[in-house]
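Coordinate inspection notes
Residues per chain, in single letters:
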Amino acid sequence: MPDQTHPLFGPHPDWLTFTLAHPTTLPEPRSVTLPDGARVDLTGTGLLQLAPASNDNSPGLVVSAGVHGNETAPIEVLNRLVTELLDGQWILRRRALLILGNPPAMIAGTRFVDFNLNRLFQGAHQKAPYTGSPEADRAAELEAACRRFARQVSTLVHYDLHTAIRPSKREKFALYPFVAGRRFPPDGLDFLAASNVHTLLLQHKTGTTFSSFSSSTLGAESLTIELGQVKPFGQNDLTRFSGIERSLRGLLKGTEPSAGRQGDNVTVFEVIEEIINTGADFQFHVPDDVANFTEYPPGTLIWEDRDHAYRVGDEPEAIVFPNRDVPVGQRVGLLVRQQSRA
Ligand SMILES: [Zn+2]
């Protein structure tokens, strides 16, 4: 009787089911060499490293999904691409590190277990109250895996894939982490357009997200990409994710979208105002259930406290990530404005 077990995933049919069966520790590292000579290494929980038979100098690709456990669609996209590769449906041409971020939260069907993993990078995992928690340990493990991978490639690109809880006037959008003096590369706009992501928000300061870590510390061209709304495993309309799936497959196969012009379809926003809960009779005039990128006309009163009132300036401004329920001194939301085209 032929051996039915999978060389990487044993009795499990694919990477995702294997990972959910071993959410915290890997039974042992395993690897497989594909018929063309490419190698696939299972190096840790939710960590899969891909090495083509012949290496070129294109940037190493890190793609992460499920840093928030209940954001299932991008997880399913990555899992399908791995299955296609292992099935021999296409030839790998690019070094890649694929990451399923938070398997215990995936099993629980929640965004996170103890702490929001996507706030624990850039060393935040070493600080109280996070240090020693499972998510802090995972952030440290993911940072280490990315550092190891970065040493094997000349340059690095990192796409951290998410789906949002809140509805958005712009269904899919990308966040470009702030790195002083860096400009968004034109081929990045082409990638976004090819992925049906037509909105880019340039962030205004360094954070503790996964993409902030990879861009600030590893010099990667990184993006956090929000691909639509959260649904449980199996309930995603995968046609809504076909753009990102196609462009990621293209990167792995070495058939990148033709450069130039496509990026014109991406609208770029910049941060105008970070709204902070000032405490002193702070009032936020944006409704609780408002969608991301809801636009307000000039003159609209957005927030006020005892001493200040903020009104939209001469051009419309839009709200992203509104959340009034934050402690004094913390961020209530961002006001963003479409960048004028020079
Ligand atoms: Zn997320």
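Because the structure is a prediction, the values reported are computed rather than measured.

Here is what the cut-offs are and how they apply
- Residues numbered from 1 in each chain as written.
- Predicted model: local features only at pLDDT ≥ 70, side-chain atom pairs only at ≥ 80, totals over all residues.
- Buried ≥ 20, exposed ≤ 12 C-beta atoms within 10 Å, placed from the backbone.
- Helix = DSSP H or I, 4+ residues; strand = E, 2+ residues; numbered from the N terminus.
- Pairing = 2+ DSSP bridges.
- Right-handed = clockwise from strand over helix to strand, strands pointing away.
- Core = buried A, V, L, I, M, F, W, Y, C linked by C-beta atoms within 7 Å.
- Domains from an automatic or database assignment.
- Contact = placed C-beta atoms within 7 Å.
- Nonpolar A, V, L, I, M, F, W, Y, C, P; charged D, E, K, R; others polar.

We now examine the pairing of strand E5 (residues 96–100). The side chains of a regular strand alternate between the sheet's two faces. Counted residue by residue, E5 has five buried out of five residues, so it is predominantly covered. Burial along E5 is two-sided: Ala96, Leu98 and Leu100 facing one way and Leu97 and Ile99 facing the other are all buried. Two strands pair when backbone bridges link them, and strand E3 (residues 47–51) and E5 are joined in this way by four bridges, in the antiparallel orientation. Bridge pairing in E5 places Leu50 opposite Ala96. Handedness of the crossover is the feature at issue here: the chain leaves strand E4 (residues 60–65), passes through helix H2 (residues 72–86), returns alongside E5, and the resulting connection is right-handed.

A few words on the nonpolar core. If you look at the biggest cluster of nonpolar residues, it comprises 81 residues, and the most contacted ones within it are Leu48, Val62, Val63, Leu78, Leu98, Ala174 and Ile225. In terms of residues, this core owes the most to one element, H2, which gives seven residues. The two domains that each donate at least three residues to this core are domain 1 (15–265) and domain 2 (273–338). Beyond its immediate chain neighbours, meaning those up to four positions away, Ala174 contacts Leu192, Val197, Leu200, Leu223, Thr224 and Ile225.

You can read the domains of the protein as domain 1 (15–265) and domain 2 (273–338). Spacing between the C-alpha centres of domain 1 and domain 2 amounts to 31 Å. Each partner contributes residues to the interface: domain 1 has seven residues there, and domain 2 has six residues. Classifying every residue of the side of domain 1 that touches domain 2 by side-chain character gives three nonpolar, one polar and three charged.

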